[in-house]
Amino acid sequence: MNYYSVPSDFKKETIDEYERLNRQYDDGMVLETYGSITRGKVLASGRLVRQMQKIDFLDLYEYIKYSSARGIGFNYTLNPTHFQNREFTEDGVRVTKEHLHKLFEAGVRSITVTLPSLTELVQSTGLDFKIRTSCLCQIRNANRATAYKNMGVDKIVVDESINRDFYALKSIRKVFGEKVEIIVNQICDQNCMYRMFHYNMISGDPDRLTSQVSINYYEHRCVLQQLKTIDNCLKLCWVRPEDLHYYTGIGINYFKIQGRHAFIQGGDAVKTVKAYLDKTYEGNLMDLLMMFGDLTKFKVNLDNKKLDGYIKPFVENDRFCRHNCSECRYCENFLRKRFDVAEIEGIRRMAAEFLGEYDQYKKLLASVKKEEIQQLPTDINADFDL
Ligand code: SF4
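Because the structure is a prediction, the values reported are computed rather than measured.

Caption draft 1: A look at the overall build of the protein. Looking only at helices and strands, one finds 16 helices and eight strands in the protein. Computed over its C-alpha atoms, the radius of gyration of the protein comes to 22 Å, within 12% of the 21 Å expected for a compact globule of 386 residues. Counting only C-alpha atoms, the protein reaches 75 × 60 × 40 Å along its principal axes. Within the protein, the fraction of its 386 residues that count as buried is 40%. Of all intrachain contacts in the protein linking residues separated by at least 6 positions in sequence, the fraction that spans at least 24 positions is 74%.

Following this line, the structure appears as structure tokens:
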């Protein structure tokens, strides 16, 4: 049986759809939805508050009650990559414990956490929460998986950058046990230099430490990262529905759909999870990765069926990808054989021109002129005689 964790839009009719799907399939089910509140006293999660539905504790309570009556669980995301060091202050601990008690009263029994310090804080409440590590814990090998297991977490979501590293996946599965989850419709570049910093920025959102400039900075660079080379669309960390059997074959049966932020752009979680339950999908893979939401104008057309066989070398040789593309070129050669490279080049060019022109950070940097910078007197003599 394959189990899916799906982003929540907090609508009862969507839960009805999942209940219908769960009756329809005998080898896969929507196990739970996940999300967080965005109204009232909000603690940070892995998404911007402004990009999610307006939900308070009461909405959460009613939603969880409705879901559990239909056999669908809920996982609360409390997964910032930093907490402004609040967890190390008496006031911070008090506020967080109050929040956790309210979550428990609302029916939450499962929480996704990133920070080890926050994990200890949750455990210290004595409330019966099952704790799951976030993909932001960057679990990429057996040793780190073991460390979290020893900490008492119930389930781990591995770092998506190892989605094609079958050696790492197998060894993690072996030491941790069956509750290992991977994100399937992942759109991040495997080696994205911005990723953790992007999440650090998001983690400051409830404390109003974000701005249009910071959001624009990472969103633009995220798109540019996806398009940094013609073949980079292959190097995003996705798992196609057709390739799920390679993962179930090594004992991984928990799969997560990402895309909480896609709902406000027309995202459709039911259609997305259905493709994975069907284990087949006809269309542009990029649409599936974006949960069919209108998230970017610069989307390459990656006919999913033309990707048949792409992942095979990764499975057959579990050390196949050495992350040294200039010497390997497997992905580029695969892409050139099966896809219209000129079309991808055109989209890359348009993205670079448009996103370069409307880059708020570059404008901010240019707005502070050299002559405006206060030159402080210093005793340092920079004219070293070497
Ligand atoms: S090293 Fe080879 S297989 Fe790995 S991402 Fe680069 S081109 Fe693809």
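Caption draft 2: Molecular detail of the environment of E13. Within the element layout of this structure, E13 appears in helix 1 (residues 12-24). E13 gets classed as exposed once you count the C-beta atoms within 10 Å, which come to 8.

Caption draft 3: Representation of the nonpolar core. With 87 residues, the main nonpolar core has Y4, I156 and V158 as its most contacted residues. Setting aside anything within four residues of it in sequence, one finds I156 in contact with R132, T133, I139, A145, Y148, F176, V180 and E181.

Caption draft 4: Summary view of the pairing of strand 1 (residues 2-7). In this sheet, strand 2 (residues 28-35) lies alongside strand 1 in parallel orientation, the contact comprising six bridges. Within the sheet, the bridge partner assigned to Y4 lies in strand 2 and is V30. In this sheet, strand 8 (residues 254-256) lies alongside strand 1 in parallel orientation, the contact comprising three bridges. Each bridged residue has a counterpart across the sheet, and for S5 the counterpart in strand 8 is K256.

Caption draft 5: The site of the ligand, seen in detail. Taken together, the residues surrounding the ligand are K235, C321, R322, H323, N324, C325, C328, R329, Y330 and C331. For the shell around the ligand, the secondary structure elements donating two or more residues are helix 13 (325-328) and helix 14 (330-338). Looking at the shell around the ligand residue by residue, the classes come out as five nonpolar, two polar and three charged.

Caption draft 6: Structural view of helix 1. Taking 1.5 Å per residue, 13 residues should reach 18 Å; helix 1 reaches 19 Å between its end C-alpha atoms and fits that length. When helix 1 is considered as a whole, its buried residues turn out to be T14, I15 and Y18. Seen end-on, helix 1 carries its buried residues on one side only, within an arc spanning 100 degrees. Across from the buried face of helix 1, at angles greater than 90 degrees, the exposed residues are K12, E13, R20, R23 and Q24. Against strand 2, helix 2 (57-69) and helix 10 (269-278) lie the buried residues of helix 1.

Caption draft 7: Main features of the sheet that holds strand 2. Taken in spatial order, the eight strands line up as 1-2-3-4-5-6-7-8 and close into a barrel, and their pairing is parallel. If you compare each strand with its neighbour and ignore which way they point, the axes differ by 30 degrees on average. Looking at chain direction, strand 4 (residues 110-113) and strand 5 (residues 130-133) are connected through four bridges and run parallel. Opposite T112, over in strand 5, you have R132 as the bridge partner. The sheet strands contacting helix 4 (residues 116-124) are strand 3 (73-78), strand 4 and strand 5, and the helix crosses strand 4 at an angle near 155 degrees.

What counts, and where the lines are drawn
- Residues numbered from 1 in each chain as written.
- Predicted model: local features only at pLDDT ≥ 70, side-chain atom pairs only at ≥ 80, totals over all residues.
- Helix = DSSP H or I, 4+ residues; strand = E, 2+ residues; numbered from the N terminus.
- Rg over C-alpha atoms; globule rule 2.2 N^0.38 Å.
- Buried ≥ 20, exposed ≤ 12 C-beta atoms within 10 Å, placed from the backbone.
- Contact = placed C-beta atoms within 7 Å.
- Core = buried A, V, L, I, M, F, W, Y, C linked by C-beta atoms within 7 Å.
- Pairing = 2+ DSSP bridges.
- Near = placed C-beta within 6 Å.
- Nonpolar A, V, L, I, M, F, W, Y, C, P; charged D, E, K, R; others polar.
- Expected span 1.5 Å × (residues − 1).
- Arc of directions from axis to C-beta.
- Axes fitted to C-alpha atoms, helices over the stretch in contact; angles between N-to-C directions.

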